[in-house]
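# Structural description and commentary
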Amino acid sequence: MNDLLAKIGYPIAVLVAILAVWQWGADKSLFPSYILPAPSVVALRTSATLSVMFDHAVVTTMEILLGFGLAVVLGVFLAWMIAFVRVFEQAFYPWLVFIQVLPKVALGPLLVVWIGVGFLPKILISFLLAFFPIMIDTLVGLKSVPRDYIFLLRSMGAGPLKRFWRFQLPYALPHIFASLKVGITLAAVGAIVGEFIGADKGLGYVLIVATGTMDTTLLFVALVWISLLSLLLFAMVGLFERIFVSWHAVARHAELRDTV
Amino acid sequence: MSLTAVMQIPSRHIGLTGIAKSYGAIPAIESITLDIARGEFLSILGPSGCGKSTLLMIMAGLVQPSSGTIEVEKRRVTKPLTDIGIAFQQDLLFDWRTVLGNVMIQADMRGLDRNVARHKAERLLERVGLKGFENRRPWELSGGERQRVALCRALLHGASILLMDEPFGALDALTREHMNMHLQNLWIAERPTAVMVTHSISEAVFLSDRVIVLSPRPSRSVFELEIALPRPRTLTMRDSSEFVRFQHRLREAIDARQAVGTVLP
């Protein structure tokens, strides 16, 4: 009971306190509403714009999920190629490290020039941001397999594909999921930045419109949506992690328990 | 089943001829020539870093020797052998599989009939006292239990060769003695040709038909001893004067080599 209070009660108390002070300040006109609208105003506007904002959120969600999905598939595949095909590692790895340090969002305007302001450039920026951490972490996971495991599997006569699916991939899954959590938040950043550059729908587009018209309340409404969306996507990755690598969490927990 | 020492006509199963291995300019194994009979239990004793493990991996075809040849069933080994089971010092269990699932990896990787394999897996687990543990996860087991699972996995497919690289090196002394009993039982039941690398003299005497002693690096085979003790061997036999005499001779052989090695370069 005390645990529950501490885990959920305290953080909620902090939130309520901040909102209360904020609301009180707005009521007393301590700050102008075009700088910081009252929480109650934001809440009312949020409920009034629910269906319109939902449509924008769907667009952004699709961009994030497609960009992220592409990053996962290509990231894991390329990591596998680099981990097991030596020529690939020699040819591509230095470039991947080099590209890794570039600010990928800087490519946004170029993508708009090439493929216009439609759906695709947002997906690509989202993909670009999420791809590298996923690829690099997956590679680290695949390469951290101890040599004896490989010896064991080779003595079983397992071919490279079987070794990958039955062993290397599950072995690297904890690493991969750690990277997916980073990747999903970066994919969200990518989609929204992509919408900044040029779009006619999406939550990033709403942010730009709201800024242009000095509609701070709408800005806050969009921020609420973006926060909730990011949280939801992150939680989804967490849920998949729990389903697919439950053994890892429990194993780690058991180890910790033994050492304490 | 014969319970006395190996009495079958010795036919060569594994043959090493002039095996040498160096890493760059550093020689690890100088020259080892060795015949291992079918169904024999051979232990390789030697100081740390003398290339024992490398020698085992060479036998498995997993490491290429710098020179020399390995023959198994009179056929030269050029790529990883698959008619073998291997156990390492680390148990190398897969955390995402159950105990039974870990033994069954062998069947899954080889594409064996799952029903037949499961039956065999259950029998092996029962033999090492892990009946009822089939659905446990590796992290729920003790170190000794985990290593027993690894041994069952190595034996699931009825391979004719069992290679073990210090399989009990990470276990405490008491657990180790128990593991020796389990391993002996498994070996008598399955009768593979077994080659074990170990640091432990008493373990080598307890389990082996023959023990070879390697010199410090670059290693050569410097001493060989037949362990003519009846089987199955029991833990109390360890205190018998015969057993102690075998241990003593091996101890002398190891110490002699190390003293000579340090005095004469």
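Think of each chain on its own: its residues are numbered from 1, step by step along the sequence as written. Each chain is given a letter, starting from A, and each ligand a number, starting from 1, according to the order in which they appear as written. Where local features are concerned, this predicted model is filtered to residues with pLDDT of at least 70; where side-chain atom pairs are given and counted, the filter is 80 or more; whole-chain, interface and lining totals use all residues.

## A word on the interface of chain A and chain B
The condition that has to hold: Each residue is represented by a C-beta atom placed from its backbone, and any two residues with such atoms within 7 Å are regarded as in contact. The numbering of helices and of strands both runs from the N terminus, where a helix is a DSSP run of H or I of at least 4 residues and a strand a run of E of at least 2. Residue polarity is assigned by list, with Asp, Glu, Lys and Arg as charged and Ala, Val, Leu, Ile, Met, Phe, Trp, Tyr, Cys and Pro as nonpolar; anything else, Gly included, falls into the polar class.
Listed per partner, the contact involves 18 residues of chain A and 19 residues of chain B. Ranked by residue count, the leading element in the side of chain A that touches chain B is helix 7 (residues 147-155) of chain A, at seven residues. Of the residues belonging to the side of chain A that touches chain B, the class tally is 11 nonpolar, three polar and four charged.

## Considerations on the sheet that holds strand 2 (residues 26-37) of chain B
All names here are of chain B. Put simply, the rule reads: When DSSP finds two or more bridges between a pair of strands, those strands are recorded as paired. Only the stretch in contact is used when fitting a helix axis, every axis being a line fitted to C-alpha atoms; angles between N-to-C directions are given from 0 to 180 degrees.
With mixed pairing, the 10 strands of this open sheet are ordered in space as 5-4-1-2-10-9-3-8-7-6. The open sheet is flanked by strand 5 (75-76) and strand 6 (84-87), the only strands paired with a single partner. Sheet analysis places strand 3 (residues 41-45) next to strand 9 (residues 210-214), joined by four bridges and oriented parallel. When the bridges of strand 9 are listed, Leu-42 appears paired with Arg-210. In this fold helix 1 (residues 52-59) packs onto strand 1 (12-23), strand 2, strand 3, strand 4 (67-72), strand 7 (161-165), strand 8 (193-198) and strand 9, with an angle of close to 155° to the strand it touches most, strand 8. Against the sheet, helix 4 (residues 143-155) touches strand 6 and strand 7, its axis set at about 165° to strand 6.

## Remarks on unusual backbone geometry
One can expect most non-glycine residues to show negative phi and most peptide bonds to be in trans. Cis geometry marks the peptide bond from B:Arg231 to B:Pro232; its omega dihedral reads -5°. Note that B:Pro232 resides in the loop between strand 10 (219-226) and helix 7 (241-263). Despite not being glycine, A:Ser29 has its phi angle at roughly 55°, a positive value. Within the secondary structure, A:Ser29 sits in the loop between helix 1 (2-27) and helix 2 (39-48). The phi dihedral of B:Glu73 is positive, around 55°, even though this residue is not glycine.

Purely spatial values, then, with no claim about function.
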